[in-house]
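Here is what each chain is made of, one letter per residue.
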Amino acid sequence: QVQLVESGGGLVQAGGSLRLSCAASGSGFRVNVMGWYRQAPGKQRELVVISTRNGNTDYADSVKGRFTISRDSAKNTVDLQMSSLKPEDTAVYYCYVSGLYSGSLYNSDYWGQGTQVTVSS
């Protein structure tokens, strides 16, 4: 079983910055994709950014130029630096990990417990 531990988040004024961190742990599991999703009240969970093991990233258009993902594949950690925050960024942010267990042909996906980010206007 893979465990994800998130930290960061909180309340910030519009235009401010926050940093989220996530650490994945689990034996026999090779992490391939790490990233962040978010879910605002009354809305579906949506992609913020993901990072593949070979360094490719995919950002949501709404956060491009404002959010930056950084990943340490050796430590299985991923951070999300959020700048120029807007009220519409308010949501619960979830760390996401996808990978393979040794000997498995199928990916397994895991989610963090979620951390609240609130941006006041």
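Sequence positions are assigned chain by chain, starting from 1 and proceeding in written order. Selection of residues for local features in this predicted model requires a pLDDT of at least 70, selection of side-chain atom pairs for listing and counting requires 80 or more, and totals for whole chains, interfaces and linings are taken over all residues. Water and hydrogen atoms were dropped before computing side-chain values, which therefore reflect all heavy atoms in the structure.

### Thoughts on the side chain of S98
Along the chain, the position of S98 falls in strand 9 (residues 91–101). Classification of residues uses two cut-offs on accessible area relative to the type maximum, computed with a 1.4 Å probe and protein chains only: under 20% is buried, over 50% is exposed, and between them is partly exposed. Overall, S98 belongs to the buried group, its relative accessible area being 6%. Looking at S98, its side chain comes within polar contact range of the side chain of D109, at 2.9 Å. The criterion used for residue contact is that any of the two residues' heavy atoms lie within 4.5 Å. In contact with S98, not counting residues within four places along its chain, are F29, R30, V31, N32, V33, N107, S108 and D109. Where helices and strands are cited, they refer to DSSP runs of H or I of at least four residues and of E of at least two residues respectively, numbered from the N terminus. Whenever two N or O atoms come within 3.5 Å, that pair is a polar contact, provided that in protein one can donate a hydrogen and the other can accept it, and provided that, for residues adjacent in sequence, both atoms are side-chain atoms.

### Comments concerning unusual backbone geometry
The phi angle at N76 is positive, at roughly 55°, despite the residue not being glycine. Among the secondary structure elements, N76 is positioned in the loop between strand 7 (67–72) and strand 8 (77–82). For S84, which is not glycine, the phi dihedral falls at a positive 50°. Note that S84 resides in the loop between strand 8 and strand 9. Note on S84: relative accessible area 39%, which makes it partly exposed.

### Brief notes about the state of the cysteines
In this description, a disulfide is simply a cysteine sulfur pair whose atoms lie within 2.5 Å. Summed over the entire model, instances satisfying the criterion amount to one disulfide. Two residues, C22 and C95, share a disulfide whose sulfurs are 2.0 Å apart. Taking the sign of the torsion about the S-S bond as the criterion, the disulfide between C22 and C95, at about -85°, is left-handed. Pair noted here: C22 is in strand 3 (residues 18–25) and C95 is in strand 9, with a separation of 73 residues, a long-range link.

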